[in-house]
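# Understanding the architecture of this molecule
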Amino acid sequence: MTAAVAVGALVALAPAIGQDRPESILPPGFGEPTPAPAPRPAPPAGTQPARPATPGPSQPPQSPTPGQPLPPSAMIQPLPATTPETALPVPAVTPAPVDPAVLARYEMPEFARRSLATVGPVAPSQGGLEADAFGDADGQYVETLMRRLTAPLPSRWMSILLRRALVSRVDTPSRTNGADFAAERAWLLLRMGESVAARAVAQSVDTDNYTPKLYQVAMNASLATGDPAGFCPLVPGAMRYAPARGWTMAQAICAGLSANPAQATPLIATAKRRNVASGIDMLLAQKVVGAGAQGRQAVTIEWDGVDQLTAWRFGLAMATGVAVPDELYASAGPQVRYWQALSPSVPLGARLAPAESAAGQGVLSSAALVDLYAAASTDDDTQSSATATANDLQTAYADRSPDARLNALRQLWGGAATRPSYARLVLTARAAARMNPALAKAEADHLVASMLSAGLDRTAARWLGTVPAGGDAWAMIMLSDPDAYRRLSYSDLASYSGGEGNSALKQRMLFAGLAGLGRLASGDIERAAQSLGVRIGADNAWTRALDRAARARQPGTVVVLAAIGMQASGWKDIPPEALYRIVGALRAVGLDGEARMVAAEAIARA
């Protein structure tokens, strides 16, 4: 390498070799010595001395003296010299105290503030309910209904409708605070498994309007989404208005996430000394602190001896990428599995099973579930069974052979002799819509149920002339067809055999759905009610409240009351009388599409 450098140096210097005087590469005038200025003759007495000429190339410009005009070509104006004799005295000024209210207006201008009179993230133009969805309903009454509602619900479509009502940007009802009303909505969404929607509702309220109830729900929403950084804007207010152990630990967590370990370490030590948290709860908090910039600590999490999964443990584990043992999920409600399906920190392979459950519940859409399987198929860590499912799904959607697509659908449903899970019907909804009705009559019941699980009602209605009358597919189309032009008679209803499953219950559900939708001849409703034993005229506190809300045109209240009537472990425990009332009330307030989907779902899942 030394020889190469020497050769290169010689080549570079070659033009200068043999010259007596090195040739300058500077332009003319540069590098030449400046000649000494000749002495100037003294000006005659009484005359003004001549202004010096503009310096030439060989004459460097002279620095201007203070007060002397600058040449037109000057770029920087020099500051005038300041001497103690010429400097002006600066009076001492004492700053006036700033009013906190005035400072708040600068921090959050009036135009950016959100009113508590209307709260929610989804406007009507984005798919939400109208702003007056709760009308003049009593706010404390609606809050009580939400708080007492047991979730998750057995109906996918009822869950989807309830989520839509809870996230809508609606007027705050009377006798309640807008922040408290948002807290009740977010808390119900969390119990439904809708962690992302719950966080959006909580964040639709400005932090300076938070109440103790909303502080508590907001912490749970941040934990459900695995986002402890969401605590940080709320810590000062929470410590003032809603102090709790969780917020004490949040101070240390936020200090660590803010790259301030010098503050986080003593806060953790103080929390240990005061026994604010211990065991796995303290270790998880320390791991979050160490995950921040300049955390400089590693914490190993061991789940031995832990027998209960809490929101704190779930949220901090998701935030730090710690896998929660499967047996711990059994100690919590099913909604925690739905939180897991929505968590981006969970590996794709581990998200597939909870994602299917979430899709069956309505937390995930059919398209989202298909996208998840498509992403998992390219992941090297995905198990072979998930890859096989993804391959079958690709065949069901894109193969050129109708027989190959139908066989792939059967494989996804678990075989021809097996009743498929509702989650798998959701997964294959749009693949089922691509099938030719004339070539898939044997699987018509499952194909129609699959299409309707994603709301493809008009696509399913094309099968009406192909499916046999009196089967499940026929019954679901009779309930879901948005363009139905005639009412059925008692003989049409009696021709329904009940299809697969509990035939007696499904006959009653079909009657309740048709009667609630107004698709059964009025003269046959009483006759069918007596013959099937459905007491559609039953009167109780719930039916009276539902009727009042429907008459008052309060779709938000109707949706909450409809969900109250669906609190059960499964469709087999929902009385047909309740379905009749729910479908009729939804239809009365303009929610016809959801009413049809709920009625059709009863046939598919009863």
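The structure displayed is predicted, hence computed values, not measured ones. (Residues numbered from 1 in each chain as written. Predicted model: local features only at pLDDT ≥ 70, side-chain atom pairs only at ≥ 80, totals over all residues. Heavy atoms only, no water.)

## Some remarks on unusual backbone geometry
Residues apart from glycine generally show negative phi values, whereas peptide bonds are mostly found in trans. Heads up, the rule is: Helix and strand labels come from DSSP, where a helix needs a run of H or I of at least four residues and a strand needs a run of E of at least two; each type is numbered from the N terminus. Whether a residue is buried, partly exposed or exposed follows from its accessible area with a 1.4 Å probe, protein chains only, as a fraction of its type maximum: under 20%, in between, or over 50%, in that order.
Cis geometry is found at the peptide bond from alanine 151 to proline 152, where omega equals 5°. The topology assignment puts proline 152 in the loop between α3 (139-148) and α4 (156-167). In this structure, asparagine 275 is a non-glycine residue whose phi angle is positive, near 60°. Along the polypeptide, asparagine 275 turns up in the loop between α10 (261-273) and α11 (279-291). For asparagine 275, a relative accessible area of 47% corresponds to the partly exposed category.

## Considering the nonpolar core
Condition: As used in this record, nonpolar core signifies buried Ala, Val, Leu, Ile, Met, Phe, Trp, Tyr and Cys residues forming a set joined through side-chain atoms within 4.5 Å. For this analysis, residues touch if any pair of their heavy atoms sits within 4.5 Å.
The biggest cluster of nonpolar side chains holds 184 residues, and the ones touching the most others in it are Leu162, Trp303, Trp463 and Phe511. Broken down by element, the residue count for this core peaks at nine residues, all from helix α5 (residues 178-192). Those residues within four positions of leucine 162 in sequence are excluded, and the remaining contacts are Leu149, Leu153, Leu188, Met192, Val559, Val560 and Ala563.

## Observations concerning the state of the cysteines
The condition that has to hold: Pairs of cysteine sulfur atoms within 2.5 Å are identified as disulfides in what follows.
Within the structure shown, the criterion is met by one disulfide. The residue that forms a disulfide with cysteine 232 is cysteine 254, at a sulfur-sulfur distance of 2.3 Å. Across the S-S bond linking cysteine 232 and cysteine 254, the dihedral sits near -100°, which makes this disulfide left-handed. Taken together, the residues cysteine 232 in the loop between α7 (212-224) and α8 (235-241) and cysteine 254 in helix α9 (residues 245-257) connect sequence positions 22 residues apart. According to the relative accessible area criterion, cysteine 232 is partly exposed, its value standing at 25%. The class for cysteine 254 is buried, based on a relative accessible area of 9%.

## Side note on the packing of helix α21 (residues 444-453) against helix α23 (residues 472-480)
Where we set the bar: Here the axes come from fitting lines to C-alpha atoms, over the contacting stretch only for helices, and the angles between their N-to-C directions go from 0 to 180 degrees. Working rule for angles: under 35 degrees goes down as roughly parallel, over 145 as roughly antiparallel, 65 to 115 as roughly perpendicular, anything else as oblique. Amino acid classes used here: Ala, Val, Leu, Ile, Met, Phe, Trp, Tyr, Cys and Pro are nonpolar; Asp, Glu, Lys and Arg are charged; the rest, including Gly, are polar.
Running from N to C, α21 and α23 point in directions that differ by 30°, and their axes come no closer than 8 Å. Taken together, α21 and α23 sit at an angle that is classed as roughly parallel. When α21 is examined against α23, the residues Ala444, Asp445, Val448, Ala449 and Leu452 are found in contact with a partner set consisting of Asp472, Ala473, Met476, Ile477 and Ser480. Among the residues forming the contact of α21 with α23, the class breakdown is seven nonpolar, one polar and two charged.

## Observations regarding the packing of aromatic side chains
Convention followed: Only rings of Phe, Tyr and Trp enter the pairing, Trp through its six-membered ring, and a pair is recorded when the two centres are within 6.5 Å. The plane angle decides the type: under 30 degrees is stacked, over 60 is edge-to-face, the rest tilted.
Enumeration according to the criterion identifies six aromatic pairs in this entry. With a centroid separation of 6.4 Å and 10° between ring planes, the pair formed by phenylalanine 231 and tryptophan 312 is classed as stacked. Within this pair, whereas phenylalanine 231 is found in the loop between α7 and α8, its partner tryptophan 312 is found in helix α12 (residues 311-320), the two being separated by 81 residues in sequence. Judged by relative accessible area, which is 0%, phenylalanine 231 ranks as buried. Summarising the aromatic geometry, the rings of phenylalanine 314 and tryptophan 339 are spaced 5.7 Å apart at their centres and angled 55° between planes, so their arrangement reads as tilted. One end of the pair, phenylalanine 314, is in helix α12; the other, tryptophan 339, is in helix α14 (residues 335-342), and 25 residues separate them in sequence. Just as phenylalanine 314 is buried, tryptophan 339 falls in that class too. Ring pairs connect the aromatic residues Tyr210, Tyr215, Phe231, Trp247 and Trp312, which therefore count as one cluster.

## Quick notes on the layout of surface pockets
A water-sized probe, rolled over the atoms, reveals where empty space remains. Quick reminder of the rule: In this analysis the probe radius is 1.4 Å and the grid spacing 1 Å, with only protein atoms considered; a cavity is a set of points the probe fits into but cannot get out of, a pocket is an open set with protein on both sides within 12 Å along at least five of seven lines, and lining residues have an atom within 4 Å of a point. Grid points are joined across faces, edges and corners, and a volume is the space filled by probe spheres set on the points.
A volume near 380 Å³ is recorded for the second largest pocket. In terms of lining, the second largest pocket is formed by 23 residues, of which the most central are Trp187, Gln216, Asn220, Leu223 and Ala311. Looking at the lining of the second largest pocket, the elements that each hand over two or more residues are α5, α7, α9, α12 and α14. Considering each element in turn, the lining of the second largest pocket owes the most residues, six residues, to α7. In the lining of the second largest pocket, the residues fall into 16 nonpolar, five polar and two charged.

## Let's talk about the pattern of salt bridges
Selection rule: In the sections that follow, a salt bridge refers to a side-chain nitrogen of Lys or Arg positioned within 4 Å of a carboxyl oxygen of Asp or Glu.
On inspection of all chains with the given rule, the structure shows 21 salt bridges. Between arginine 199 and aspartate 227 there is a salt bridge, and its shortest N-O distance comes to 3.6 Å. Residue arginine 199 is located in helix α6 (residues 195-202), and its partner aspartate 227 is located in the loop between α7 and α8; the two are separated by 28 residues in the primary sequence. Look at aspartate 227 and you get partly exposed, because its relative accessible area is 25%. With a shortest N-O distance of 3.8 Å, aspartate 326 and arginine 337 are connected by a salt bridge. Of this pair, aspartate 326 sits in helix α13 (residues 326-329) while arginine 337 sits in helix α14, and the two are eleven residues apart along the sequence.

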